[in-house]
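# Structural features, examined
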Amino acid sequence: MEVKPYGDARNDGLVQLSFTLPVPESERARQAALELARKMGFQRCQVVHMKAMGPDFTFFVMYGSTSHSIDPDLVTVTEREFPLLTVPEINRVIRESLKRRLVVVGACTGTDAHTVGLDAILSMKGFAGDKGLEYLQEMQVVNMGAQVDPGDIVEVVRREQADAVLISQVVTQRDAHIVHLTQVREALQTAGERERLILVGGGPRFSPEQAAELGYDRIFGRGTKPSEVASFLAHRIAGPVPA
Ligand code: B12
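Given the structure is predicted, the values throughout are model-derived calculations rather than measurements.

## Focus: helix 5 (residues 176-190)
- The end-to-end C-alpha distance of helix 5 is 21 Å, a good match for the 21 Å that 15 residues give at a rise of 1.5 Å each.
- Where helix 5 is concerned, the buried positions are Ala 176, His 177, His 180, Leu 181, Thr 182, Val 184, Arg 185 and Leu 188.
- On its buried side, helix 5 packs onto helix 4 (150-160), strand 6 (164-168), strand 7 (198-202), helix 6 (211-214) and strand 8 (218-220).
- A positive phi of about 75° marks Gly 192, the residue just after helix 5.

## Overview of the packing of aromatic side chains
- Here the structure, examined in full by the defined rule, presents three aromatic pairs.
- Here Phe 19 and Phe 60 contribute two aromatic rings whose centre-to-centre distance is 5.7 Å and whose plane-to-plane angle is 40°, an arrangement assigned as tilted. In this pair, Phe 19 sits in strand 1 (residues 14-21) while Phe 60 sits in strand 3 (residues 58-66), placing the two residues 41 residues apart along the sequence. Here the two residues Phe 19 and Phe 60 agree in accessibility, since each one is buried.
- Between Phe 82 and Phe 232, the aromatic rings sit 5.5 Å apart at their centres with planes inclined by 65°, giving edge-to-face as the arrangement. Here Phe 82 is found in the loop between strand 3 and helix 2 (87-98), whereas its partner Phe 232 is found in helix 7 (residues 226-238), with 150 residues between them in sequence.

## Section: the domain arrangement of the protein chain
- When its domains are assigned, the protein chain resolves into domain 1 (14-72) and domain 2 (87-238).
- Computed from C-alpha atoms alone, the centre-to-centre distance between domain 1 and domain 2 is 39 Å.

## Thoughts on the coordination of the cobalt atom of the ligand
- From the protein, the cobalt atom of the ligand takes a single donor atom, His 114 (NE2), 2.2 Å away.
- Locating His 114 in the fold gives a position in the loop between strand 4 (102-108) and helix 3 (116-122).

## Observations regarding the site of the ligand
- As a structural note, the neighbourhood of the ligand is formed by 28 residues, with Ala 113, His 114, Ser 168, Thr 172 and Thr 224 the closest of them.
- In this structure, a nitrogen atom belonging to the ligand sits 2.8 Å away from a side-chain N or O atom of His 114.
- Here an oxygen atom of the ligand sits 3.0 Å away from a polar atom, N or O, in the main chain of Pro 204.
- For the shell around the ligand, the elements supplying multiple residues, two or more each, are helix 3 and strand 6.
- A per-element tally of the shell around the ligand places helix 3 first, with four residues.

## Some thoughts on the packing of helix 2 against helix 7
- In the contact formed by helix 2 and helix 7, the axes pass within 9 Å of each other and the chain directions differ by 25°. In terms of axis orientation, helix 2 runs roughly parallel to helix 7. The interaxial crossing formed by helix 2 with helix 7 has left-handed handedness. Here Ile 90, Val 93, Ile 94, Ser 97 and Leu 98 of helix 2 lie close against helix 7, whose contacting residues are Ala 230, Ser 231, Ala 234, Ile 237 and Ala 238.
- Of the residues in the contact of helix 2 with helix 7, the class split is eight nonpolar, two polar and no charged.

## Overview of the side chain of Thr 66
- Mapped onto the elements of the fold, Thr 66 is located in strand 3.
- Apart from residues lying up to four places away in sequence, Thr 66 is in contact with Lys 4, Pro 5, Gly 13, Val 15, Gly 41 and Phe 42.

## Section: the side chain of Asn 91
- Topologically, Asn 91 is positioned in helix 2.
- Each residue touching Asn 91, except ones within four places of it in the same chain, is listed here: Leu 136, Gln 137 and Glu 138.

Thresholds applied
Per chain, residue numbering runs from 1 following the sequence as it is written. Side-chain atom pairs in this predicted model are given and counted only at pLDDT of 80 or more, local residue features only at pLDDT of at least 70, and totals for whole chains, interfaces and linings cover all residues. Calculated side-chain values reflect all of the structure's heavy atoms, with hydrogen atoms and water omitted. Elements are defined by DSSP. Helices are runs of H or I of four residues or more, strands are runs of E of two residues or more, and each kind is numbered from the N terminus. Multiplying 1.5 Å by the helix residue count minus one yields the expected span of that helix. Exposure classes here rest on a 1.4 Å probe applied to the protein chains alone. A residue is buried below 20% of its type maximum, exposed above 50%, and partly exposed in between. Note on contacts: a residue pair qualifies if any of its non-hydrogen atoms lie within 4.5 Å across the two residues. Stacked, tilted and edge-to-face are the three classes applied to pairs of Phe, Tyr and Trp rings, where Trp contributes its six-membered ring and a pair requires centres within 6.5 Å; stacked means planes under 30 degrees apart, edge-to-face means over 60, and tilted covers the rest. Per the annotation, domain bounds derive from an automatic or database assignment of domains. Sodium, potassium and calcium take a 3.2 Å donor cutoff, other metals 2.8 Å, and in both cases only N, O and S atoms count; water is not among them, so sites may look incomplete. For this purpose, a residue is taken to be near a molecule or strand whenever a single non-hydrogen atom of the residue falls within 4 Å of it. Side-chain atoms alone can form a polar contact between residues adjacent in sequence; in general such a contact is a pair of N or O atoms within 3.5 Å, and within protein one must be able to donate a hydrogen while the other accepts it. To obtain an axis, a line is fitted to C-alpha atoms, over the contacting stretch when the element is a helix, and the angle between two such axes runs from 0 to 180 degrees between their N-to-C directions. When an angle is under 35 degrees it counts as roughly parallel; over 145 it counts as roughly antiparallel; between 65 and 115 it counts as roughly perpendicular; any other value is oblique. Throughout, a crossing is termed right-handed when the near helix is turned clockwise from the far one, and left-handed when it is turned anticlockwise from it by less than a right angle. Three classes are used: nonpolar for Ala, Val, Leu, Ile, Met, Phe, Trp, Tyr, Cys and Pro, charged for Asp, Glu, Lys and Arg, and polar for all others, with Gly counted as polar.

Right under this line is the structure:
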């Protein structure tokens, strides 16, 4: 069944959107925002908030009703391709597959200094009730921290004989997250290390569908829990685990 966004009543199509125009705050700016929203296909458009962002820009919050609808039953949904395992199961898979600890190198690269996401996945204390990868007895974790150069990642990967590399990117301005993830993959490729590694990227504005275009084995997005990442690594080294 086709549905529309819900505002005050079912299928009224009401949407809130916000954007900034490079126009000084003025009645001209307000009219420009309204006209732009109409061009986007919204009807009954209203500017409900307008604020100068410095002398040359204006920020808008708008309401409008969309004429489009969607049937949720017809959209394509990508299911998680690996099962979620418990900590003992993950430890067992690593022990039985590798007969040694799994070495994981993690870093936040380029100019990005947001380490909270990477720490949420790696650090012992973990995130959202999950323990981080450091908690797993069979994982050896090297957390390189923020603003790490791709060349330094290659060096540590070689020194530690890493099995997996985890790259975090939070800032997306001018597609910095794409650029930085690509630089790391290229550096590992040039060094001849890429093929033998499990290469994982993550950050709040990524989605799993981006893995292929970025040349990564898996991409994790907003709200990822450490157990998902640990389960994925176990899945990759062992293949599907028998029930
Ligand atoms: C805390 C914070 C900071 C702190 C960072 C401290 C630190 N040590 O990390 C400080 C104050 C330093 C900071 C600075 C800046 N920040 Co800031 N910051 C934030 C804030 C408020 C929270 C980020 C956070 O910690 N989230 C919590 C963690 C747990 O979530 P997460 O990062 O999404 O991680 C999860 C997943 O994404 C995933 N994940 C993340 N990484 C990885 C990696 C792997 C391998 C995997 C598997 C999963 C994974 O798993 C995690 C757990 O679920 C956000 C706004 C927000 N509410 O998100 C802005 C935000 C990220 N910052 C922003 C900006 C612009 C900046 C600055 C440029 C500001 C400035 N002008 O100076 C600087 C940049 C500094 C730099 N060089 O990078 C913008 C980015 C906008 C954009 N689109 O790029 C945001 C979105 C704020 C905003 N709305 O404008 N910031």
